[in-house]
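Residue-level structural notes
In case you want the letters, here they are:
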Amino acid sequence: MGKKLNPYSTWRHYQKIPFRFVALFFVLFIIFMDWSVNPILSKLYYYGPLSTLLDSVVSWIGKDLFQIPYVIISPYDGEHNDRTYVYLLYFAIAVTAAAGTIIWSLLDRKRQNYEVLYYWLTAIIRYYLAFTMFLFALYKFFKIQFPDLGFYTLTEQVGDMSPMHLAWAFFGYSYEYNVFMGMVESAALLLLFRRTTALGAILTLVTLANVMAVNYSYDVHAKIYPTILFIMALFLFLRDAKNIIQFFFTGQAIALPVIKAPIFQKRWMRISKSVLKILVIGYFLMVSVKDNSGYQKLSEESLKAKSEYSGLYEVESFVVNKDTLSLGDPLRWHQLIIGDRILEAVRFRKDSVALIHVPVDKQELILYGDPADLSEKKQEVYNEKGLSDDTWMKMDSLLIAQQKISRFHFKMSDSNTLMLKGTIKKDSVHIIARRRLMELNDFRLMKSRFHWINEVSYFY
């Protein structure tokens, strides 16, 4: 696979066996692992049998095979978290691909080469990488992945940030840098065409190498996922690797032959192939842009609806069952952040936080608690009720009924004083919090922007 192939070549065993494994692994990965970023496969996952099948297989592997004692959290959020579920799914895919390779090798020993299958596999990988990387580019263009900095980030001490939060703050600060990253990731669209595959593979390799460096260095939740995407791009690059190396290190004139496509004798088949390609690319691009635009619009509308309540609040009074908790009590809330693009949360003393959601139309505040604990609580509900739209829509009500999260009702006694009343488990809680009078542009980081002339380094 690392050298030029022709339709009449005979592959050796050391070429055919790895190819079989790679073909099976990549196809299984795309179907069973990466449903979440694909608008076609996501329909199969959420509205077809895929979610039930995967949950059953992974649960059996985790509970029965590896005897895992804790709750295995499904990746219904589509964030490619390196959680136990995902590693078990990688294991299942690798084992299935290995077993399939053995069976395939026994049944297909006499085949001389896989030139035609190589074309179709590269086509699948090219389209998959192009679509996936373009989706990530749209997240940058619409500033969805790295939102603008809000009060939560700007009031957090750097020493209390997680490595991932620090990275998100760096990327979220500049929209211009987001556009640059999006343009680089969009270069993967070159993979949609055979004549530009080599250039697209090189640019995609460089882009994914940077993604891997960030994710590994800053403990971002998805490390294995970009690594496999990198290996896919490397697979595409290997075909031209020898010629490209000769060009750079020997000065020899080289040519990069285009991958040969199967020739259809009938005219209607050739036309159908071109039409199908246009439809697939057009559908994906339109749906992806529409979905990201819609998400950005909903996010802006949500922030606008919360504008009356947005800000950072200092908790002045925290009463539990008529007992006022002291400032040093670990259960007492310290600060409250509402209307933040990255995170709405409650801060306690030191660096612990609890997630919240604020549906202002109902004048409610939902206290979720620790992020890791919340994922486990939701998974327990999905295990009981099943993964469905109905369960997802009723999740808050189900968790509140089980006393796993808390609901507060609030009102503003004046323009800056928030009063909350609710229960935490079986305890009644009354809270008074006062909004700190400050704007996002009051922070030095937000006021200091680009300068052509810098007489001194503004390093403080």
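Refer to the preceding data block for the structure.
Overview of the structure. (Residues numbered from 1 in each chain as written. Predicted model: local features only at pLDDT ≥ 70, side-chain atom pairs only at ≥ 80, totals over all residues. Heavy atoms only, no water.)

Let us look at the pattern of salt bridges. Note on pairing: side chains with opposite charge can pair once their charged atoms come close. Evaluated as defined, the whole model comprises 16 salt bridges. Here R341 makes a salt bridge to E300, at a shortest N to O gap of 3.2 Å. Note that R341 is positioned in the loop between β3 (335-338) and β4 (345-347) and E300 in helix α11 (residues 267-305), a separation of 41 residues in sequence. As a salt-bridge pair, E344 and K306 come within 2.9 Å of each other at their nearest N and O atoms. Highlighted residues: E344 in the loop between β3 and β4 and K306 in the loop between α11 and β1 (311-320), separated in sequence by 38 residues. Under the relative-accessibility criterion, E344 is labelled buried at 10%. You can call K306 buried: its relative accessible area is 7%. Each of the salt bridges in this network shares a partner with another, and the network as a whole consists of K143, D148, E300 and R341. (Salt bridge = Lys/Arg side-chain N within 4 Å of Asp/Glu carboxyl O. Helix = DSSP H or I, 4+ residues; strand = E, 2+ residues; numbered from the N terminus. Buried < 20%, exposed > 50% of the residue type's maximum accessible area, 1.4 Å probe, protein only.)

What the second largest pocket holds in volume is close to 540 Å³. Taken together, 29 residues form the lining of the second largest pocket, with F151, S310, G339, E439 and L440 sitting closest to its centre. Of all the secondary-structure elements, those providing two or more residues to the lining of the second largest pocket are α7 (163-173), α11 and β1. If you tally residues by element for the lining of the second largest pocket, the top one is α11, at three residues. Class assignment for the residues of the lining of the second largest pocket results in eleven nonpolar, eight polar and ten charged. (1 Å grid on protein atoms, 1.4 Å probe; cavity = no way out; pocket = protein on both sides within 12 Å on 5 of 7 lines; lining within 4 Å. Points joined across faces, edges and corners; volume = space filled by probe spheres on them. Nonpolar A, V, L, I, M, F, W, Y, C, P; charged D, E, K, R; others polar.)

The next point concerns unusual backbone geometry. The backbone phi angle of Q363 is positive, close to 50 degrees, even though this residue is not glycine. Considering the arrangement of structural elements, one finds Q363 in the loop between β5 (353-357) and β6 (364-369). Despite not being glycine, Q403 shows a phi value in the positive range, around 60 degrees. Here Q403 shows up in the loop between α14 (395-401) and β7 (406-414). Relative accessible area serves as the criterion here: at 38%, Q403 is assigned to the partly exposed category.

On to the nonpolar core, then. One finds F29, I125, Y128, L129, L229, M232 and F235 to be the most contacted residues of the largest nonpolar core, which totals 58 residues. Of all the elements in the fold, those that place two or more residues in this core are α1 (13-33), α3 (50-65), α4 (84-107), α5 (115-141), α9 (197-217), α10 (224-250) and α11. Per-element accounting of this core gives the leading share, 13 residues, to α5. Core analysis: the second largest hydrophobic core is formed by 24 residues, F318, L325, V358 and L367 among them. (Core = buried A, V, L, I, M, F, W, Y, C linked by side-chain atoms within 4.5 Å.)

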